[in-house]
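Spelled out, the chains give:
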Amino acid sequence: MKYSRATDYALHTMLFLVQATPKETMSVNKLAELQDVSPTYLSKILTKLVKAGMIESLPGMSGGYKLKRNWADISFLDVIQAIEGTASLFDCSFDHGPQCPIQRIILQGENKMESYFRNMTLADLDKEIQ
C-alpha cells in the first residue's frame, strides 16, 4: 500500500508548523523550500488542509500558514484523509457485493490501520523528534 506524495508533503508541512512557534506563520514559499517542492503544488495541498480545518491562512506581508487546531488534537488520520479522502484502498473487481471475503479482510485491516493513525497525533510526532 502506498500513499500519494501529496500526503507525504502534507504530513511534513504539519511537522514544520508544529515546530514553529504558536504565533509564527510560515509562507508557502518557505514551506515549499523546506521540502524542495513547487510552491504552486504545495498550495493545493495547503488548501486541502485549510478546508479540513487543521491550518489557517493569514493574508498580508507577514501572513502565511499556521496551525488552527491544537496539535494534540490533530491525528495522522486527519491529515491523511484530508489529502487521500476516506474511500477504501481496495476495490473488489468482482460483482458479488459486500459479502466478498477478500473485501471483508481488507476492510478489517484498513480499520486497524485507521485506528492506529487516529490515535497517533502531531503531539506524538513532536515527541519523536525531540
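Residues numbered from 1 in each chain as written. Predicted model: local features only at pLDDT ≥ 70, side-chain atom pairs only at ≥ 80, totals over all residues. Heavy atoms only, no water.

### Re the overall build of the protein chain
Part 1: Check the secondary structure of the protein chain and you find 6 helices and 2 strands.
Part 2: Taken from N to C terminus, the helices and strands of the protein chain fall in the order α-α-α-β-β-α-α-α.
Part 3: Once the C-alpha set of the protein chain is aligned to its principal axes, its extents read approximately 55 × 30 × 25 Å.
Part 4: Taken across its 130 residues, the protein chain has 38% of its residues classed as buried.
Part 5: Across the protein chain, the fraction of contacts at a sequence separation of at least 24, relative to all contacts at a separation of at least 6, is 61%.
Part 6: Total accessible area computed for the protein chain in this model is approximately 8400 Å², and 54% of it derives from carbon and sulfur atoms.
Part 7: Taking the average location of the 14 positive side-chain charges in the protein chain and that of its 15 negative ones, the two points are 3 Å from each other. (Helix = DSSP H or I, 4+ residues; strand = E, 2+ residues; numbered from the N terminus. Buried < 20%, exposed > 50% of the residue type's maximum accessible area, 1.4 Å probe, protein only. Contact = heavy atoms within 4.5 Å. Areas by Shrake-Rupley, 256 points an atom, 1.4 Å probe, with all protein chains shown as cover. Lys, Arg positive; Asp, Glu negative; His and termini not counted. Charge placed at Lys NZ, Arg CZ, Asp CG, Glu CD.)

### What about the nonpolar core?
Part 1: Residues Met14, Leu31, Leu42, Ile45, Leu49, Met54 and Ile55 are the most contacted members of the largest nonpolar core, which totals 33 residues.
Part 2: Secondary-structure elements contributing two or more residues to this core are α1 (5-19), α2 (28-35), α3 (39-51), β2 (64-67), α4 (76-84), α5 (101-119) and α6 (122-129).
Part 3: Examining the composition of this core, we find that 8 residues originate from one element, α1, more than from any other.
Part 4: Apart from residues lying up to four places away in sequence, Ile45 is in contact with Ala6, Tyr9, Ala10 and Ile83. (Core = buried A, V, L, I, M, F, W, Y, C linked by side-chain atoms within 4.5 Å.)

### Considerations on the environment of Tyr65
Part 1: Tracing the backbone shows Tyr65 in strand β2.
Part 2: Counting along the chain gives 44 residues from Tyr65 to Thr21, while the straight-line C-alpha distance between them is 12 Å.

### Topic: α1
Part 1: Given a rise of 1.5 Å per residue, 15 residues ought to cover 21 Å, and the 21 Å separating the end C-alpha atoms of α1 matches this to within 8%.
Part 2: Inspection of α1 places Ala6, Thr7, Tyr9, Ala10, Thr13, Met14, Leu15, Phe16, Leu17 and Val18 among the buried residues, and these make up the whole buried set. (Expected span 1.5 Å × (residues − 1).)

### Remarks on the packing of aromatic side chains
Part 1: The final tally for this structure, using the stated rule, is 4 aromatic pairs.
Part 2: Ring geometry for Phe76 and Phe117: centres 6.4 Å apart, planes at 15°, overall stacked. You can see Phe76 sitting in helix α4 and its partner Phe117 sitting in helix α5, a full 41 residues away along the chain. We note that Phe76, like Phe117, is buried.
Part 3: One aromatic cluster is present, formed by Tyr3, Phe76, Tyr116 and Phe117 through successive ring pairs. (Phe/Tyr/Trp six-rings, centres within 6.5 Å; stacked < 30°, edge-to-face > 60°.)

### Structural notes on the packing of α1 against α4
Part 1: One way to put it is that α1 packs onto α4 with a least axis distance of 9 Å and a crossing angle of 140°. Between α1 and α4, the angle falls in the class oblique. Between α1 and α4 the crossing geometry is right-handed. For the pair formed by α1 and α4, the contact residues are Ala6, Thr7, Ala10, Leu11 and Met14 on the first element and Phe76, Val79, Ile80, Ile83 and Glu84 on the second. (Axes fitted to C-alpha atoms, helices over the stretch in contact; angles between N-to-C directions. Parallel < 35°, antiparallel > 145°, perpendicular 65-115°, else oblique. Left-handed = near helix turned anticlockwise from the far one by under 90°.)

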